[in-house]
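Structure assessment
Each chain is listed here by its residues.
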Amino acid sequence: MAADGLGKGLLLKADPIADTFRDEVKSSLAQCSRPPTLVGILGTTSAPSKFYADFTRKQCEQLGVRFVLKKVGSAENSDLADGEGVEEAIVEANEDPDIDGIMVYYPIYGGQQDHYLQQIVSPLKDVEGLHSKFHYNLYHNIRFIDPKSLAPAATSPVDDIAPPGTVKSILPCTPLGVVKCLEYIGVYNKILPYGDRAYGKTVTVINRSEVVGRPLAALLANDGARVFSVDIDSIQEYTKRPRSSPEAGRKYLPHHTTHPCNFTLQECLALSDVVISAVPSADYKVKTKCLKEGCITVNVAADKNFEKDVRDKASIHVPAVGKVTILMLLRNLCVPHPLLSHD
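Reading guide: rules and limits
Residues numbered from 1 in each chain as written. Predicted model: local features only at pLDDT ≥ 70, side-chain atom pairs only at ≥ 80, totals over all residues. Heavy atoms only, no water. Helix = DSSP H or I, 4+ residues; strand = E, 2+ residues; numbered from the N terminus. Buried < 20%, exposed > 50% of the residue type's maximum accessible area, 1.4 Å probe, protein only. Salt bridge = Lys/Arg side-chain N within 4 Å of Asp/Glu carboxyl O. Pairing = 2+ DSSP bridges. Axes fitted to C-alpha atoms, helices over the stretch in contact; angles between N-to-C directions. Contact = heavy atoms within 4.5 Å. Nonpolar A, V, L, I, M, F, W, Y, C, P; charged D, E, K, R; others polar. Core = buried A, V, L, I, M, F, W, Y, C linked by side-chain atoms within 4.5 Å. Phe/Tyr/Trp six-rings, centres within 6.5 Å; stacked < 30°, edge-to-face > 60°. Disulfide = S-S within 2.5 Å. Arc of directions from axis to C-beta. Polar contact = N/O pair within 3.5 Å; in protein donor to acceptor, adjacent residues only side chain to side chain.

What the chain contains, in helices and strands, is nine helices and 13 strands. In the chain, which comprises 343 residues, the share counted as buried stands at 50%.

Next comes the structure, spelled out in structure tokens:
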């Protein structure tokens, strides 16, 4: 943490947040009969993808996870096309009993073709949480699953500990990493019941992508927050609080619902305790003058989405979440690992 002058908010880097999960991951790995193996599939020459692959390797080495980088397509040979061989590499990794987790460095083709590849990865080896099964669970607020059938857990959880016979449903790494940052900061109120600890907070999430923005908005709303999901052409409100009077004994809906919102971005920002931006553009900036005094800001994009003077309004600014994201990926690796037989 750093405060560079009187009246300025804190600059909170991801390192201390990521460090809180290292011991957890190390403890989980110590219970494995052998170090788990994570395979990363790189199918393009994209500089961000190559950087992320190298970063993954370094983190795995530090924690004792075996990491194998599988280069295919243009990443392997400049004469090959982007993405060539990615599908085959995924199928091969699915069938390899010595591989415990699979991650693919997207984007490759973009759009529906990348979505198709995400569904090929076995849900038992999906450490990125991109399989439709896990997205269904996320949007329907199903937090624990039967590891054998990948069916919803029959019991309703009362805390963050999996009921007997279940494991946590895998969540996408970046949205989960952002939630962990907010928990670390204290946005989540630990006194409130599990599953409702963001109640009372208003959050704006800018960019409704299927990889980060939309699942993040759903996660926060399922935890009780009022969320404004902002995209290029629309603003939506996510909430699990019923709009009409709730039924007797029913405090909130089982999971969030989505409603059209007539607010402008400026109006959303003025109401928001937390502002999260994930716009992949160096030209996009959230205007500091529009922020609520004392809010918390989180930059998820590779580019800086906030103006340089953001801490003149924000009480805490998190400039990047990448180091937390990779710890969430390795944390996810430890969830499906016990489901696989290595006898």
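The next thing to look at is the pattern of salt bridges. Counted according to the given criterion, the structure contains 14 salt bridges. Note that Lys240 and Asp196 form a salt bridge whose closest N and O atoms lie 3.9 Å from each other. Of the two residues, Lys240 sits in the loop between strand 9 (235-239) and strand 10 (257-260) while Asp196 sits in the loop between helix 6 (173-185) and strand 7 (202-206), which places them 44 residues apart along the sequence. A salt bridge links Asp273 to Lys292, with the nearest nitrogen and oxygen atoms 2.8 Å apart. A residue pair is termed long-range when its members are at least 10 positions apart, and Asp273 in the loop between helix 8 (265-271) and strand 11 (274-277) and Lys292 in the loop between strand 11 and strand 12 (296-299) qualify at 19 residues.

Further remarks concern the pairing of strand 4 (residues 101-104). Going residue by residue along strand 4, you find Gly101 and Met103 tucked away on one face and Ile102 and Val104 tucked away on the opposite face as well. The pairing of strand 2 (residues 37-42) with strand 4 spans four bridges and is classified as parallel. Looking at strand 4, one finds that Gly40 is bridged to Met103.

Before going further, it helps to spend a moment on the packing of helix 1 (residues 15-30) against helix 2 (residues 47-63). Contact geometry of helix 1 with helix 2 gives a least axis separation of 10 Å together with a crossing angle of 65 degrees. Facing Arg22, Val25, Lys26 and Leu29 of helix 1, the residues of helix 2 in contact are Gln59, Gln62 and Leu63. Within the contact of helix 1 with helix 2, the residues separate by chemical class into three nonpolar, two polar and two charged.

Let us now look at the sheet that holds strand 3 (residues 66-71). Taken together, the three strands give an open sheet; going across it, the order is 3-2-4, and neighbouring strands pair in parallel fashion. Edge positions in the open sheet fall to strand 3 and strand 4, since each of these has one partner strand only. Here the average twist between neighbouring strands, direction ignored, is 20 degrees. Pairing geometry for strand 2 and strand 3, over six bridges, is parallel. Paired with Gly40 across the two strands is Leu69, which belongs to strand 3. Of the strands in this sheet, strand 2, strand 3 and strand 4 are in contact with helix 2, which crosses strand 3 at around 160 degrees. Contacts from helix 3 (residues 86-95) reach strand 2, strand 3 and strand 4 within the one sheet, and its direction differs from that of strand 4 by about 170 degrees.

Soluble globular proteins: nonpolar side chains tend toward being buried together. Within the largest apolar cluster, 59 residues are counted, with the highest numbers of intra-cluster contacts made by Leu38, Leu182, Leu220, Val227, Ile276 and Leu330. For this core, the leading source of residues is helix 9 (residues 322-333), giving seven residues.

Spatially, eight strands are ordered 1-13-12-11-7-8-9-10 in an open sheet, and the strand pairing comes out mixed. Each of the sheet's edge strands pairs with one partner strand only, and the pair in question is strand 1 (10-11) and strand 10. Across two bridges, strand 1 lies against strand 13 (residues 316-318) in parallel orientation. Bridge pairing in strand 13 links Leu11 to His317.

Glancing now at the packing of aromatic side chains. For the structure shown, the criterion picks out three aromatic pairs. Relative to Phe55, the ring of Phe51 has its centre 6.4 Å away and its plane inclined at 0 degrees; by these criteria the two rings are stacked. Placement of both Phe51 and Phe55 in helix 2 is noted, with a separation of four residues, approximately one turn of the helix. Taking the centre distance of 5.6 Å and the plane angle of 65 degrees together, the rings of Phe228 and Phe263 count as edge-to-face. Pair noted here: Phe228 is in strand 8 (residues 226-230) and Phe263 is in the loop between strand 10 and helix 8, with a separation of 35 residues, a long-range link. Look at Phe228 and you get buried, because its relative accessible area is 0%.

Now for the state of the cysteines. On inspection of all chains with the given rule, the structure shows zero disulfides. Free cysteine Cys261: the closest other cysteine sulfur is in Cys268, separated by 4.8 Å. Accessibility expressed as a relative area gives 13% for Cys261, which makes it buried.

Next up on the list: helix 7 (residues 213-222). For helix 7, the buried fraction is high: nine of the 10 residues fall into the buried class. Those residues of helix 7 that fall on the buried side of the exposure criterion are Gly213, Pro215, Leu216, Ala217, Ala218, Leu219, Leu220, Ala221 and Asn222. Its buried side turned inward, helix 7 meets helix 5 (132-139), helix 6, strand 7, strand 8, strand 9 and strand 11. Residue Gly224 follows helix 7 closely and has a positive phi angle near 105 degrees.

Another aspect to go through is helix 4 (residues 111-120). Those residues of helix 4 that sit buried are Asp114, Leu117, Gln118 and Ile120. Across the axial projection of helix 4, the buried residues extend over an arc of 155 degrees, all falling on one side. Turned more than 90 degrees from where helix 4 packs its buried face, Gly111 and Gln112 sit exposed. Elements in contact with the buried residues of helix 4: helix 3.

Along the polypeptide, His259 turns up in strand 10. A distance of 3.0 Å separates polar atoms of two side chains, one belonging to His259 and the other to Thr257.

The values reported here are purely geometric and, on their own, carry no functional implication.
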